[in-house]
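A closer look at the structure
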Amino acid sequence: MYLTKEVKADIFAKHGGKAENTGSAEGQIALFTFRINHLTEHLKKNRHDYNTERSLVKLVGKRRSLLDYLKKKDINRYREIIKELKIRK
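If you're wondering where the values come from, they're calculated on a predicted model, not measured in any experiment.

What to know about the side chain of Glu 26
Its location among the elements puts Glu 26 in helix H2 (residues 25-45). You can call Glu 26 buried: its relative accessible area is 13%. Of note is the side chain of Glu 26, whose polar atom sits 2.5 Å from the side chain of Arg 77. Other than its neighbours up to four places away in sequence, Glu 26 contacts His 15, Leu 70, Arg 77 and Ile 81.

Digging into unusual backbone geometry
Unlike most non-glycine residues, Lys 86 shows phi in positive territory, near 55°. Within the secondary structure layout, Lys 86 lies in the segment after helix H4 (75-85). By relative accessible area, which is 66% here, Lys 86 ends up exposed.

Regarding the nonpolar core
Among the nonpolar cores identified, the biggest contains 21 residues, and Ile 29, Leu 67, Leu 70, Ile 81, Ile 82, Leu 85 and Ile 87 are the most heavily contacted of them. Of all the elements in the fold, those that place two or more residues in this core are helix H1 (5-15), H2, helix H3 (50-73) and H4.

Topic: the packing of H1 against H2
The contact between H1 and H2 brings their axes to 8 Å, and the two run at 135°. Classified by the angle between their axes, H1 and H2 sit oblique to one another. Like other packed secondary-structure pairs, H1 and H2 cross with a definite hand, here right-handed. Residue-level inspection shows Val 7, Lys 8, Ile 11, Phe 12 and His 15 of H1 in contact with H2, the latter providing Glu 26, Gly 27, Gln 28, Ala 30, Leu 31 and Phe 34.

Quick look at the confidence of the model for the protein chain
Here the protein chain shows a mean pLDDT of 94. Residues at 70 or above account for 99%. Within the protein chain, the element-level pLDDT minimum falls on H1, averaging 93, and the maximum on H3, averaging 97.

Structural notes on the environment of Lys 83
Here Lys 83 is to be found in helix H4. For the pair Lys 83 and Leu 31, spaced 52 residues apart in the sequence, the C-alpha separation amounts to 15 Å.

Considerations on H1
Among all positions of H1, only Ile 11, Phe 12 and His 15 are buried. Angular distribution of buried residues about the axis of H1 spans 90°; they occupy a single face of the element. Every exposed residue of H1 that faces more than 90 degrees away from the buried side is listed here: Lys 5, Glu 6, Asp 10 and Lys 14. Close packing links the buried residues of H1 with H2 and H4. Looking one or two places after H1, you find Gly 17, whose phi comes out positive at around 105°.

Conventions and cut-offs
Residues numbered from 1 in each chain as written. Predicted model: local features only at pLDDT ≥ 70, side-chain atom pairs only at ≥ 80, totals over all residues. Heavy atoms only, no water. Helix = DSSP H or I, 4+ residues; strand = E, 2+ residues; numbered from the N terminus. Buried < 20%, exposed > 50% of the residue type's maximum accessible area, 1.4 Å probe, protein only. Polar contact = N/O pair within 3.5 Å; in protein donor to acceptor, adjacent residues only side chain to side chain. Contact = heavy atoms within 4.5 Å. Core = buried A, V, L, I, M, F, W, Y, C linked by side-chain atoms within 4.5 Å. Axes fitted to C-alpha atoms, helices over the stretch in contact; angles between N-to-C directions. Parallel < 35°, antiparallel > 145°, perpendicular 65-115°, else oblique. Left-handed = near helix turned anticlockwise from the far one by under 90°. pLDDT = per-residue confidence, 0-100. Arc of directions from axis to C-beta.

Structure follows, in structure tokens:
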């Protein structure tokens, strides 16, 4: 399994403040980004896995809506998470 409890806790500790803060927008965006990167690598090897492709599109949409929320609420936190996760190129 690519996403163990330890990996999740590490992601939330790094981006959400502490490991128990799983509801923070930054932590969720970081978790979605980790999963999106994993699914992207999977789809590079398995081009015809359409169920995974659909899941990837849904995850990108969820991350986009969280980023929109964060941008509306606090532009500085939005810019910080974008820079930290290198989402924009």
